[in-house]
Amino acid sequence: MSLIPRRSNVFDPFSLDVWDPFEGWPFNSNFRSLSDQIRSGLPTETSSFVQARVDWKETPNSHVFKADVPGLKKEELKVEVEDGRVLQISGQRNRELEEKTGTWHRVERSSGSFLRRFRLPEDAKVDQVKAAMEDGVLTVTVPKEAAKKPDVKSIQISG
């Protein structure tokens, strides 16, 4: 069974049939339209796993990142700190093997990979980052260094 959508005059918000404003334009032969790339399964931003939504909250003691990654296992996720101050959260959802039995009526769940990067502030303790996974939410906690109080030196006034 082919998963290539048929064109229709009915608007379907879940359709893979993407309007390509450049379809039919005379580009070189190496150019393929966006809709052709999606139909053929080539990785494009539209057909890959949707970016994980991430909340970043700063508390008095830490920076807390919460990423929605429903359906992913912790083995399919990676949390790294690169270049000393960049928190990188990435993951991959593999396409399920097609079963030869049964009839598919709709395939909406996406597969592919995602990558999110966040530049951490100077007060982040990048060597103490912790990550936990619960109910499809990845929580990454980056502790903060205690705020340094300025050294105040009293100066005697003569005279």
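Remember, it's a predicted structure, so these values are computed and weren't measured experimentally.

Draft legend 1. Main features of the overall build of the protein chain. Of the regular secondary structure elements, the protein chain holds one helix and seven strands. Reading the helices (α) and strands (β) of the protein chain from amino to carboxyl end gives α-β-β-β-β-β-β-β. Each of the 159 residues in the protein chain was classed as buried or not, and the buried ones make up 23%. The long-range share in the protein chain, meaning contacts at least 24 apart out of those at least 6 apart in sequence, stands at 53%. Of the roughly 12900 Å² that the protein chain leaves accessible, carbon and sulfur atoms contribute 51%.

Draft legend 2. Layout of the nonpolar core. Counting residues in each nonpolar core, the largest one holds 16 residues, and the members touching the most others are F65, V69, L87, I89, F114, L138 and V140. Of all elements in the fold, only β2 (62–68), β4 (86–93), β5 (112–119) and β7 (137–143) reach the threshold of two or more residues within this core.

Draft legend 3. Local environment of the sheet that holds β4. The antiparallel open sheet is built from three strands, whose spatial order is β3-β4-β5. Here the strands that pair on one side only, and so sit at the sheet edges, are β3 (77–82) and β5. Within this sheet the neighbouring strands show an average axis-to-axis angle of 15 degrees, counted without direction. Where β4 and β5 come together, eight bridges link them in antiparallel fashion. By the bridge assignment, S90 is partnered in β5 with L115.

Draft legend 4. Representation of the pairing of β2. For β2, a buried count of five out of seven residues is recorded, marking the element as mostly surrounded by other parts of the structure. Between strand β1 (residues 54–58) and β2, which pair antiparallel in sequence order, lie three residues. Pairing between β2 and β7: seven bridges, direction antiparallel. By the bridge assignment for β7, D68 is matched with V137.

Draft legend 5. Quick look at the side chain of R93. Assignment of secondary structure puts R93 in strand β4. One polar contact links the side chain of R93 to the main-chain carbonyl oxygen of P70, over a distance of 2.3 Å.

Draft legend 6. Representation of the packing of aromatic side chains within the structure. Overall, the coordinates contain three aromatic pairs when judged by the stated rule. A centroid spacing of 6.0 Å and a plane angle of 75 degrees characterise the contact between W56 and F118, whose relative ring orientation is edge-to-face. Pair noted here: W56 is in strand β1 and F118 is in strand β5, with a separation of 62 residues, a long-range link. Looking at W56, the relative accessible area reads 38%, which means it is partly exposed.

Cut-offs applied
- Residues numbered from 1 in each chain as written.
- Predicted model: local features only at pLDDT ≥ 70, side-chain atom pairs only at ≥ 80, totals over all residues.
- Heavy atoms only, no water.
- Helix = DSSP H or I, 4+ residues; strand = E, 2+ residues; numbered from the N terminus.
- Buried < 20%, exposed > 50% of the residue type's maximum accessible area, 1.4 Å probe, protein only.
- Contact = heavy atoms within 4.5 Å.
- Areas by Shrake-Rupley, 256 points an atom, 1.4 Å probe, with all protein chains shown as cover.
- Core = buried A, V, L, I, M, F, W, Y, C linked by side-chain atoms within 4.5 Å.
- Pairing = 2+ DSSP bridges.
- Axes fitted to C-alpha atoms, helices over the stretch in contact; angles between N-to-C directions.
- Polar contact = N/O pair within 3.5 Å; in protein donor to acceptor, adjacent residues only side chain to side chain.
- Phe/Tyr/Trp six-rings, centres within 6.5 Å; stacked < 30°, edge-to-face > 60°.

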